[in-house]
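Fold and contact review
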Amino acid sequence: MYGFEKILKSYTALKVRFVFPSTIKYPNLPVRLDFSSVIFPLTGETFCTGSEFLLAYRLGCKIEILGGVWIPFISIEPFKRKKSLSQRYEREPLIKEILTKVEMGLSSFNDFKSLNSPSEQNENEDENENLKELKRKLERNSEAGEIEQTQFFSVVEKVLSERIKYPKGSYMNLLYKFIANAGIGQMARGLNQKTRYDLRSNSQKPIPSGELVSPLYAGWITSFIRTTLSEMLNRHGDGIIISSTTDGFISSKKGLDQKSIDYSDVFSQKYFETRRVLTGVGALLEEKYSEEEGVIS
Amino acid sequence: MLSEGKYHPPTENGLISLRNTPKILTPTGVELSGDLHDYLDYFLGSYHGGRNESYIYGVVKGEFHDYDLPGAYPTAMAMLDYPN
């Protein structure tokens with residue numbers, strides 16, 4: 001059995017026969033039923049990736065490997081730099097500027113506190129609290145673990161660092177979001193030979209692939225997110241989960257976005273650390289919406 | 001398992017490309033695609049989209065919260081590396 005990292009950091013595709021323990025509520029191996037349906041049963045036969053195999057194994061699944069391919073990530077360790085948030089802050093002028101402002105804000109507030117009027121003092125106290133909170137946040141984040149910086153990492157980092165310069169929901173913020181997602185869409189484009197309406201011939205034609213198509217990359221990305229989601233579903237515990245949708249789920253549990261990371265959840269941890277180094281924000285989940293009355297599913 | 005260092009992108013020999021998947025599954029495609037057929041089936045088979053499921057159907061009363069992984073696919077993409 002190869003080590004966890006060796007399988008995760010590879011393009012692995014396996015044909016497997018599997019049986020999950022009956023106590024597993026959310027099995028994670030996808031089985032195709034027909035042209036439009038994929039289910040996640042307790043037992044079956046399917047193709048899966050390395051990350052799906054690893055989670056299934058951790059969930060106690062009995063797996064028989066019928067065949068497969070393992071292609072490791074390229075080994076360029078001597079040239080590959082490990083990257084941590086503290087290094088990022090040293091290089092990032094914007095972050096440095098914020099840190100300087102925090103320091104200056106705190107000292108100027110302490111120096112001139114006595115000269116301000118009471119209303120100004122209240123405003124300054126609020127500002128001071130915000131600055132302190134920001135500093136605490138930055139300090140917390142700088143303790144983030146190291147992750148490897150690959151060329152893919154650099155591309156994503158460039159796009160995301162542009163994105164976070166703009167307020168959430170703003171036009172430019174959304175534009176950079178779509179640029180990042182479009183790149184991934186191109187990796188999978190045309191793999192399924194899906195059709196679309198062609199005006200010229202008045203018929204449905206297969207969507208052609210582009211230059212960036214790669215089932216290795218596309219499969220790794222989508223399966224890693226499915227696996228991270230499946231891990232969270234299985235660790236959800238009490239409460240109700242209504243549904244899951246690619247990168248999220250609807251739950252009766254409050255405050256999951258505030259919950260600190262459980263380091264035994266290996267996939268969530270990997271995701272969390274990468275996200276934290278990429279954006280400087282330490283959040284695994286984000287609450288998009290809450291409903292007090294109930295839902296129709 | 002492919003031996004280490006032996007992987008090359010399917011487009012590398014310049015004769016066959018993943019841009020035209022149906023052509024790979026022809027007699028000419030099989031012969032021209034080199035080692036591609038040793039692994040392509042596995043990777044195409046293991047490619048699936050997102051996990052979209054409903055676990056409960058109908059009206060469910062109570063408080064519910066919709067959570068998501070922010071920037072999920074770009075974050076996963078940042079963890080990729082070239083195949084060896």
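Residues numbered from 1 in each chain as written. Chains lettered and ligands numbered in written order. Predicted model: local features only at pLDDT ≥ 70, side-chain atom pairs only at ≥ 80, totals over all residues. Heavy atoms only, no water.

**Here's the deal with the sheet that holds strand E4 (residues 43-49) of chain A**
All names here are of chain A. Taken in spatial order, the 3 strands make up an open sheet running E4-E1-E5, and their pairing is antiparallel. Lying at the two open borders of the sheet, with one neighbouring strand each, are E4 and strand E5 (62-72). Adjacent strand axes in the sheet meet at a mean angle of 5° when their direction is disregarded. With 10 bridges joining them, strand E1 (residues 10-19) and E5 adopt antiparallel strand pairing. Counted as the bridge partner of Tyr 11 is Ile 71 from E5. Helix H8 (residues 215-234) contacts E1, E4 and E5 of the sheet and is inclined by roughly 60° relative to E1. (Pairing = 2+ DSSP bridges. Helix = DSSP H or I, 4+ residues; strand = E, 2+ residues; numbered from the N terminus. Axes fitted to C-alpha atoms, helices over the stretch in contact; angles between N-to-C directions. Contact = heavy atoms within 4.5 Å.)

**Digging into the pairing of strand E9 (residues 203-206) of chain A**
Residues and elements named next belong to chain A. The pairing of strand E8 (residues 195-198) with E9 spans 4 bridges and is classified as antiparallel. The residue bridging Asp 198 from the neighbouring strand is Ser 203, located in E9. With antiparallel pairing between neighbouring strands as the criterion, E8 and E9 make up a hairpin whose turn holds 4 residues, including Asn 202 at a positive phi of roughly 50°.

**Quick look at the confidence of the model for chain B**
Per-residue confidence for chain B averages 80 on the pLDDT scale, and 80% of its residues sit at or above 70. Confidence estimates for the predicted assembly give a pTM of 0.79 and an ipTM of 0.85. (pLDDT = per-residue confidence, 0-100.)

**Re the confidence of the model for chain A**
A low pLDDT means the predicted coordinates there should not be read in detail. All names here are of chain A. Residue-level pLDDT values for chain A average 81, and 75% of them are 70 or greater. A low-confidence stretch, residues 89-94 (pLDDT under 50), is modelled with 9 contacts involving residues beyond four sequence positions or located in other chains. Segment residues 140-144 is flagged for pLDDT under 50; beyond a separation of four residues in sequence, or across chains, it makes 13 contacts in the model.

**A look at the packing of aromatic side chains**
One pair of aromatic rings is described through two measures. These are the centre distance and the angle between the planes. Summed over the entire model, instances satisfying the criterion amount to 15 aromatic pairs over all chains. Measuring from ring centre to ring centre gives 6.3 Å for A:Phe53 and A:Tyr57, while their planes differ by 20°; the resulting arrangement is stacked. Highlighted residues: A:Phe53 and A:Tyr57, both in helix H2 (residues 50-58), separated by 4 residues, approximately one helical turn. Since its relative accessible area comes to 8%, A:Phe53 is described here as buried. Measuring from centroid to centroid gives 6.3 Å for A:Tyr166 and A:Tyr176, while their planes differ by 15°, and the two rings are stacked. In this pair, A:Tyr166 sits in the loop between helix H6 (151-163) and helix H7 (171-188) while A:Tyr176 sits in helix H7, placing the two residues 10 residues apart along the sequence. Using a relative accessible area of 30% as the deciding quantity, one classes A:Tyr166 as partly exposed. Exposure remark for A:Tyr176: the relative accessible area of 19% places this residue in the buried category. Over the ring of A:Phe40 we find B:Arg51, and its NZ or CZ is 4.0 Å from the ring centre. (Phe/Tyr/Trp six-rings, centres within 6.5 Å; stacked < 30°, edge-to-face > 60°. Buried < 20%, exposed > 50% of the residue type's maximum accessible area, 1.4 Å probe, protein only. Lys NZ or Arg CZ within 6 Å of the ring centre and 35° of its normal.)

**Quick look at the sheet that holds strand E1 (residues 52-54) of chain B**
The 5 strands are arranged E12(A)-E3(B)-E11(A)-E10(A)-E1(B) in an open sheet whose pairing can be described as antiparallel. Only two strands of the sheet have a single neighbouring strand rather than two, namely strand E12 (286-291) of chain A together with E1 of chain B. Pairwise comparison of adjacent strand axes, ignoring direction, gives a mean angle of 15° for this sheet. Judged from the 3 bridges that link them, strand E10 (residues 241-245) of chain A and E1(B) form a sheet pairing that is antiparallel.

**Comments concerning the interface of chain A and chain B**
How big an interface is tends to be expressed through the accessible area that disappears when the partners come together. Across the boundary between the two partners, chain A contributes 98 residues, which contact 55 residues of chain B. Interface area, chain A with chain B, both sides summed: about 7500 Å², of which 64% is carbon and sulfur. Inspection of the chain A/chain B interface yields 0 salt bridges. Take the side of chain A that touches chain B: its biggest share by element is 16 residues, from H8(A). By residue class, the composition of the side of chain A that touches chain B is 51 nonpolar, 30 polar and 17 charged. (Buried area = accessible area lost by both parts, 1.4 Å probe. Salt bridge = Lys/Arg side-chain N within 4 Å of Asp/Glu carboxyl O. Nonpolar A, V, L, I, M, F, W, Y, C, P; charged D, E, K, R; others polar.)

**Side note on H2(A)**
Residues and elements named next belong to chain A. Most of H2 sits out of view: 7 of its 9 residues are buried. Buried within H2 we find Gly 50, Ser 51, Glu 52, Phe 53, Leu 54, Leu 55 and Ala 56. Turning to H2, the residues buried within the fold contact helix H1 (4-8), E1, E4, E5, H8 and helix H9 (266-279).

**What to know about the packing of H2(A) against H8(A)**
All names here are of chain A. Direction vectors running N to C along H2 and H8 enclose 20°, while the axes themselves pass 8 Å from each other. Judged by the inter-axis angle, H2 sits roughly parallel to H8. Here H2 and H8 pass one another in a crossing that is left-handed. From H2, Ser 51, Glu 52 and Leu 55 reach across to H8, where they touch Ser 223, Phe 224, Arg 226, Thr 227, Ser 230 and Glu 231. (Parallel < 35°, antiparallel > 145°, perpendicular 65-115°, else oblique. Left-handed = near helix turned anticlockwise from the far one by under 90°.)

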